[in-house]
There are 2 protein chains.
Amino acid sequence: MPTLRIALAQVNPTVGDLAGNADLIRGHSRTAADRGAQLVAFPEMMLTGYPVEDLVFRESFVTASRTALDRLAADLAGDGLADTAVLVGYLDADGPPMTSADAVPGRGPRNALAVLHGGRVAARYFKHHLPNYGVFDEDRYFVSGDTLTVVRIGGVDVALTICEDLWQAGGPFAAARQAGVGLVVNVNGSPYERNKDDIRLPLVRRRAAEAGATVAYVNMYGGQDELVFDGDSMIVEADGTLLTRAPQFTEHLLLHDVALPAAAPGQPAEETGLGRDGMRVARVHVSDELPAPAGEPAVGGHAERLSDEAEVWQALVLGLRDYVNKNGFPSVVLGLSGGIDSALAAAIAVDALGPDRVTGVSMPSQYSSEHSREDAAELAKRTGLDFRVEPIQPMVDSFLANLSLSGTAVENLQARVRGVLLMALSNQEGHLVLTTGNKSELAVGYSTLYGDSVGGFNPLKDVWKTLVWKLARWRVSPAATGGGEGPIPDNSIGKPPSAELSPGQLDTDTLPDYSVLDAILIGYVDGDLGREGLIQAGHDPEVVDRVLRMVDLAEYKRRQSAPGTKISIKAFGRDRRLPITNRWRERGI
Amino acid sequence: MPTLRIALAQVNPTVGDLAGNADLIRGHSRTAADRGAQLVAFPEMMLTGYPVEDLVFRESFVTASRTALDRLAADLAGDGLADTAVLVGYLDADGPPMTSADAVPGRGPRNALAVLHGGRVAARYFKHHLPNYGVFDEDRYFVSGDTLTVVRIGGVDVALTICEDLWQAGGPFAAARQAGVGLVVNVNGSPYERNKDDIRLPLVRRRAAEAGATVAYVNMYGGQDELVFDGDSMIVEADGTLLTRAPQFTEHLLLHDVALPAAAPGQPAEETGLGRDGMRVARVHVSDELPAPAGEPAVGGHAERLSDEAEVWQALVLGLRDYVNKNGFPSVVLGLSGGIDSALAAAIAVDALGPDRVTGVSMPSQYSSEHSREDAAELAKRTGLDFRVEPIQPMVDSFLANLSLSGTAVENLQARVRGVLLMALSNQEGHLVLTTGNKSELAVGYSTLYGDSVGGFNPLKDVWKTLVWKLARWRVSPAATGGGEGPIPDNSIGKPPSAELSPGQLDTDTLPDYSVLDAILIGYVDGDLGREGLIQAGHDPEVVDRVLRMVDLAEYKRRQSAPGTKISIKAFGRDRRLPITNRWRERGI
């Protein structure tokens, strides 16, 4: 059996940065080839970044992607890599780009994968299964490909597939079996979700069995708005053997020698009708034989798996870091109340950017307790972030002197004065403002619109309050600190949560205990359970009704909320699309 | 030829209000039957409201829709309407409801239309063509139907179709021709877009010719979040003759006698394979003969067409009115600067809600000109809205005394103090805050986040600045006022636009003239033109580059903007989905 030295390039592209992404590809292809790789695979839509959303409707962008691909093929050859097969995801179109209202089946934009070889685009494949659920709208953007591309590389028949092709039975993997390929490459822009890595390996195994071939799975890493990609690239044999697996949340070139069955020589190079799921097969010839890889055998190894907390933490850190850096912000600023949410967000920010790029502002009011101020200061001391104190009472009083306000209006006023303060610092000094409302608060609307919700990014947007505490405890544990002092004071973790907007106020004045609340919310939001389903799950009907009503009525606040890293199966935002005007109440008709 | 008395019920359902929508159906069915109607057709998903978005994933909601439909069928019979065929759109599922991640072709939610007759659901049809562009995500929500339902009513074969079925060639209308039907009913939730009514009639004519049958088109009216439905129901014969057409933006029961070819008696009642687009035909028998409609012939007439300005105005008024009323707000509040945007928004609000439900607040700063204050007061006098003056300088000064701010930070501070003021009034008094940034400002980010952008709804969100002026001039013209005094002072219309956040500031300090700006924006935003396309259209390259850069960089502000009525082919929001993190610049790679 021929042996291919495969390099899976788990790298971090940026949406729209065609030149920068092409440079990344050239650099990693160079490194891989220097280490003897004969096939280098990059992630889904590597050249354009992913997802590009409505940029697919911009003819100029489609043209730029195609032009950049041709140039890249030539540049790789110029770099001395003409003999290396480089697989690059990009945006293509096989007709005039369709506009959003002009969908014509059979033409329009394609989620495409090219094999670059010999200075040219030797083969291309168009994604067959298009995800149109959750955060994905690919039926909006792409025309489905109906042809499986099989490329002979070093005498091995290699089938090309893209992301969702792996998640559905039938289609390309079934066609690959009938085409008798030795290897299926699957390139991904597969966003992180908690526990998804536990699903991924069995899934790759299932498809490897379906194709009767080894599967090489490569995923990007990095943040793109609300999505974070975790990498987790791997190679799995037809019998389910995991040959090698990359670490999550980091750049990695996974290099591994894989023995693969040689294709029968002289197979037809033209297209063959196969009929399964209507997919045809197009065969492309690149090379019959390659010299055996030089030097020591390449062994990719098995990266250690992360604990649940470590995995979520790295997702949150990477999501924030990439949002800040890819958008060119020098620094971030956030309010520090002494409470757990802002403390956790500050710790994430410091891990993501370093203390020099993080400013924390304590903004005490007359209702802020002494321990709150101390806890904020202690956090600042432990993390080394830039710390300031800006009392809000003079500004609050100036509003109260001119308006006749009471109750909630006064509570919200304090939060909004803090919002104005943070935005003023942002405008004056160039920081990105972080907002730190957790998913539980967002769900029930326990926040002040244009107050504590002010900010360009929210690292905790998809983190339930109970998970906030869990992450905080983990971050100060020896597992995360190596035995040193953690960034978050015990007081911030241990005290009862309070918005401190009125005397002696506690979250539990308004909300159920968070352990009860989160269990209901997870069922309702993540699980689409209705009232009956929640009661059957053992929840108190009165509490269920109260919580569901709060969630339904807070939709308008969520619609104006800042983006934040998705870590769950269903994040607020594009993952969950509900009308604001909505009289449906689970209590029934 | 038999004559059917058809009633098209152009009514206003509310999303999620199954009981209220069922009452609407019963009331209008009663009225229609009293006037002799034999077939009454209601809009798409009438029973649930439209669009219900991710509510389709809630099993409890799907079940409630089906239960409400059965109950409605029984109630109609109980109302003495057992012999009337009542066509009602609703949400169905022909298998366990799918979740967003569990799309299985052939089962899951259906965008459905039922024929209620004789106290039961006599027939049902599942929408075939699912729109998945613009604001529509129906591939996310529904499984496509593959069977055309043909119902014999009064000896006429009537084919059932839903909305998008009309917008694409082939499919149900082609199958209807082969099935030899006499009438195609097309029920709609078709959102208003400027000039769409000019497209609608030719489209209905095209499909009537394709089906070789009369087409009865019924559309809902009313607002649902960012969408407004304009009605415009009509009946068109196979040769293109427009028999009758309803007015836009109002409730209307369009009643018309239509002579239709009798079906050949004894046609097969079972399903027939037809092969065209893979659609089968299911035939259902309801009635062979009906008594001739009693009394005078019913003639629906032809509603007068609206001018472009009147049409947009009614859309904006209805969109705002329904957002406010369906969400249960008693009143609205908005800032009145004396400028044209807030003046126009106030005029829309007064037309939508009456002056007693509108509060306008003048919030002058040291940079506000005397004429601005006078123009705001004059608008209040003309419209009769509740008018208040709240100077912002004391609050602005309290921030400036405690923070060291300059330049843009000071400008934005003023806008944000105004935002806090309006939100305080909202919290204290229960008003919905209206924000009034026009589409041109939203496009280039000429606004202060959490400042003038504060609000729960924006009536001008999809109105270009040049259209703002056009609408204002129209609203004060004799055509709109009937010769009386218009609501908007001439000064507000005529003066050069200024944010008045620094001395002598004018919009043109920062932006091109709006006539130039809007032409570029319309090409870039609505038309997806790139840099080259805009330059070919005659625009100055330097201005194009500057404008495009502003649009690209303002994406983060738009992501947190208030909802507002869509009137254009591409509104900001769900219609145009772009990444925030995006290094693509039209200047090229």
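Reading guide: rules and limits
Counting starts from 1 at the beginning of each chain's written sequence and moves along it residue by residue. By the order in which they are written, chains take letters starting at A while ligands take numbers starting at 1. Since the coordinates come from a predicted model, pLDDT governs what is reported: local features require at least 70, and pairs of side-chain atoms require 80 or more to be given and counted, while whole-chain, interface and lining totals use all residues. Where side-chain values are given, they derive from all heavy atoms of the structure, hydrogens and water being excluded. Should a side-chain nitrogen of Lys or Arg be within 4 Å of a carboxyl oxygen of Asp or Glu, the pair is scored as a salt bridge. Secondary structure is summarised from DSSP: a helix means a run of H or I of at least four residues, a strand means a run of E of at least two, and numbering begins at the N terminus for each. Only protein chains enter the accessibility calculation, which uses a 1.4 Å probe; a residue whose area is less than 20% of its type maximum is buried, one above 50% is exposed, and one in between is partly exposed. When checking whether two residues touch, look at their non-hydrogen atoms; a contact exists if any pair is within 4.5 Å. When two parts are put together, the accessible area they lose, computed with a 1.4 Å probe and summed over both, is reported as buried area. Here a polar contact is taken to be a pair of N or O atoms separated by no more than 3.5 Å, where protein atoms must pair a possible hydrogen donor with a possible acceptor and residues adjacent in sequence count only if both atoms sit in side chains. Each residue gets one label: Ala, Val, Leu, Ile, Met, Phe, Trp, Tyr, Cys and Pro are nonpolar, Asp, Glu, Lys and Arg are charged, and the others, such as Gly, are polar. We superpose the copies by least squares over the C-alpha atoms of residues that have a pLDDT of at least 70 in both of them. Here the aromatic set is Phe, Tyr and Trp, taking the six-membered ring for Trp, and pairing holds for ring centres within 6.5 Å; pairs whose planes are under 30 degrees apart are stacked, those over 60 apart are edge-to-face, and all others are tilted. Ring-over charges, as used throughout, are those where CZ of Arg or NZ of Lys falls within 6 Å of the ring centre and within 35 degrees of the ring normal.

### A word on the pattern of salt bridges
Step number 1: Considering all chains together, one arrives at 90 salt bridges over all chains under this definition.
Step number 2: Of the charged contacts in the structure, one is a salt bridge between Arg558(A) and Glu555(A), with a shortest N-O distance of 2.9 Å. One end of the pair is Arg558(A) and the other is Glu555(A), both in helix α18 (residues 555–559) and 3 residues apart, which spans about a single turn.
Step number 3: Taking the relative accessible area as the measure of exposure, Arg558(A) reaches 8% and is therefore buried.
Step number 4: As a salt-bridge pair, Arg30(B) and Asp34(B) come within 2.9 Å of each other at their nearest N and O atoms.

### Here we look at the interface of chain A and chain B
Step number 1: Taken together, the contact pairs 82 residues of chain A with 81 residues of chain B.
Step number 2: Its largest share of buried area at the contact with chain B, chain A owes to Arg58(A), Thr581(A) and Arg583(A), together 10% of the area lost on that side.
Step number 3: The tally of links from chain A across to chain B stands at 6 salt bridges.
Step number 4: Across the salt bridge formed by Asp137(A) and Arg577(B), the nearest N and O atoms sit 3.0 Å from each other.
Step number 5: At the junction of chain A with chain B, the criterion picks out 42 residue pairs in polar contact (both at pLDDT 80 or more).
Step number 6: Elements that contribute at least two residues to the side of chain A that touches chain B include exactly α2 (59–78), α3 (138–141), α6 (308–326), α9 (393–402), α10 (408–429) and α18 of chain A.
Step number 7: In terms of residues, the side of chain A that touches chain B owes the most to one element, α10(A), which gives 12 residues.
Step number 8: Across the side of chain A that touches chain B, the residue classes break down as 38 nonpolar, 23 polar and 21 charged.

### Quick word on the relation of the copies chain A and chain B
Each copy of the chain is related to the other by a rotation around an axis and a translation along that axis.
Step number 1: Turning chain A through 180 degrees and shifting it by 0.0 Å along the axis lays it on chain B, with an RMSD of 0.0 Å. What the superposition gives is, in effect, a two-fold axis relating one chain to the other. Across chain A, the rotation axis passes nearest the C-alpha of Gln560(A), at a separation of 2.1 Å.
Step number 2: When the interface residues of chain A are mapped onto chain B, 99% of them again lie at the interface, so the same face is used by both copies.

### Here's the deal with the packing of aromatic side chains
Step number 1: Across all of its chains, the model carries 19 aromatic pairs over all chains by this definition.
Step number 2: Judged by centre distance (6.3 Å) and plane angle (65 degrees), the ring pair of Tyr141(B) and Phe142(B) falls under edge-to-face.
Step number 3: Judged by its relative accessible area of 7%, Phe142(B) is buried.
Step number 4: Taken together, the ring pairs connect Phe57(A), Tyr141(A) and Phe142(A) into an aromatic cluster.
Step number 5: Its end group placed over the ring of Trp469(A), Lys465(A) keeps NZ or CZ at 5.3 Å from the ring centre.

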